[in-house]
Amino acid sequence: MQGLAVLILALCLSQITAFSAHRASGSGLHSPVAERTIIGSATHQRRRSALRMSDAGGGGGGGSEKEKSTSKGLTTIVIDETDTEMEEEDIPEEMWRVVLHNDEVHTFNYVIRSLQKVMGTLDKKKAFDICTVTHGIGQATVTSCWKEQAMKYCLGLQRQGLTASIAPDSKFEGGGK
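Residues numbered from 1 in each chain as written. Predicted model: local features only at pLDDT ≥ 70, side-chain atom pairs only at ≥ 80, totals over all residues. Heavy atoms only, no water.

Focus: the pattern of salt bridges
So, point 1. Counted by the stated rule, this structure contains 3 salt bridges.
So, point 2. The residue R97 makes a salt bridge to D169 at a minimum N-O spacing of 2.4 Å. Taken together, the residues span a long stretch of sequence, with R97 in strand 5 (residues 95-101) and D169 in the segment after strand 7 (164-168) at a distance of 72 residues.
So, point 3. The salt bridge involving E148 is made with K152; its shortest N-O contact spans 3.8 Å. Of this pair, E148 and K152 both sit in helix 4 (residues 147-159), separated by 4 residues, roughly a single helical turn.
So, point 4. Using a relative accessible area of 51% as the deciding quantity, one classes E148 as exposed. (Salt bridge = Lys/Arg side-chain N within 4 Å of Asp/Glu carboxyl O. Helix = DSSP H or I, 4+ residues; strand = E, 2+ residues; numbered from the N terminus. Buried < 20%, exposed > 50% of the residue type's maximum accessible area, 1.4 Å probe, protein only.)

Below you can see the structure in the form of structure tokens.
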């Protein structure tokens, strides 16, 4: 039993040695080769992969073959494949303002409590200042943040019965900050 294991081990080692010698001699067209070129903002990778076919007829589709070589009745077809990876530009997300509009229904105390409840980080003085600007001008910016968060704040204020909206920071006109 041990003799058989030694024989199998010797056979495997001889195959590995032969394969290593074959690759070292440079005749390994079947080994993948990778080339990398950078053009502008796109990265192109070119891979060469080899297909081995047992018949010399070259049957097997394709049309993108670049090289053919024949040795010992085997045909090797090398096909070039190009993968393109586009680099995405990091576009900073636009800031949005949460705008509180004046109404003649709610008291200052109710609006202050509502602002504190929804925003969570406002103190009474800041909430009072927002109420004063809203009452005097007709609208005031509560906060400036990314769009998803601005929508959450706006819906929270509307659930409290207040009139609120959001607007892109870059296109905002009117009402204090």
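The rest of the description comes next.
Some remarks on the layout of surface pockets
So, point 1. When its volume is computed, the largest pocket comes out at roughly 160 Å³.
So, point 2. The residue inventory of the lining of the largest pocket, partitioned by class, reads 5 nonpolar, 6 polar and 2 charged. (1 Å grid on protein atoms, 1.4 Å probe; cavity = no way out; pocket = protein on both sides within 12 Å on 5 of 7 lines; lining within 4 Å. Points joined across faces, edges and corners; volume = space filled by probe spheres on them. Nonpolar A, V, L, I, M, F, W, Y, C, P; charged D, E, K, R; others polar.)

Details of the nonpolar core
So, point 1. Counting residues in hydrophobic clusters, the biggest one holds 21 residues, and the most contacted among them are L100, L115, I130, V142 and L157.
So, point 2. Elements with a minimum of two residues in this core: strand 5, helix 2 (108-119), helix 3 (124-137), strand 6 (139-146) and helix 4.
So, point 3. The greatest single-element share of this core, amounting to 5 residues, is contributed by helix 2.
So, point 4. Not counting chain neighbours up to four residues away, the residues in contact with L115 comprise L100, G120, L122, A127, I130, C131, V142 and L157. (Core = buried A, V, L, I, M, F, W, Y, C linked by side-chain atoms within 4.5 Å. Contact = heavy atoms within 4.5 Å.)

Quick notes on the sheet that holds strand 6
So, point 1. Taken in spatial order, the 3 strands make up an open sheet running 6-5-7, and their pairing is antiparallel. The two strands at the open ends of the sheet, each matched to only one other strand, are strand 6 and strand 7. On average, adjacent strands in this sheet sit at an angle of 30 degrees to one another, irrespective of strand direction.
So, point 2. Sheet topology note: the strand 5/strand 6 ladder contains 7 bridges and is antiparallel. Residue pairing in the sheet places W96 in a bridge with C145 of strand 6.
So, point 3. Packing against the sheet, helix 3 makes contact with strand 5 and strand 6, and its axis sits at approximately 125 degrees to strand 6. (Pairing = 2+ DSSP bridges. Axes fitted to C-alpha atoms, helices over the stretch in contact; angles between N-to-C directions.)

A closer look at helix 4
So, point 1. Here helix 4 spans 18 Å end to end across 13 residues, near enough to the 18 Å set by a 1.5 Å rise per residue.
So, point 2. When helix 4 is considered as a whole, its buried residues turn out to be Q149, A150, Y153, C154, G156 and L157. The buried side chains of helix 4 occupy one side of the element, clustering within an arc of 160 degrees when seen end-on. Projecting away from the buried face of helix 4 at angles above 90 degrees are the exposed residues E148 and R159.
So, point 3. Here the buried face of helix 4 lies against strand 5, helix 2, strand 6 and strand 7. (Expected span 1.5 Å × (residues − 1). Arc of directions from axis to C-beta.)

A few points about the packing of helix 2 against helix 3
So, point 1. Helix 3 packs onto helix 2 with a crossing angle of 125 degrees between their chain directions and a minimal axis gap of 9 Å. By the angle class used here, helix 2 and helix 3 are oblique. The element helix 2 and its partner helix 3 pack so that their crossing is right-handed. On the side of helix 2, the interface is formed by F108, V111, I112, L115 and Q116, while helix 3 contributes K124, A127, F128, I130, C131, T132 and H135.
So, point 2. For the contact of helix 2 with helix 3, the class distribution of residues is 8 nonpolar, 3 polar and 1 charged. (Parallel < 35°, antiparallel > 145°, perpendicular 65-115°, else oblique. Left-handed = near helix turned anticlockwise from the far one by under 90°.)

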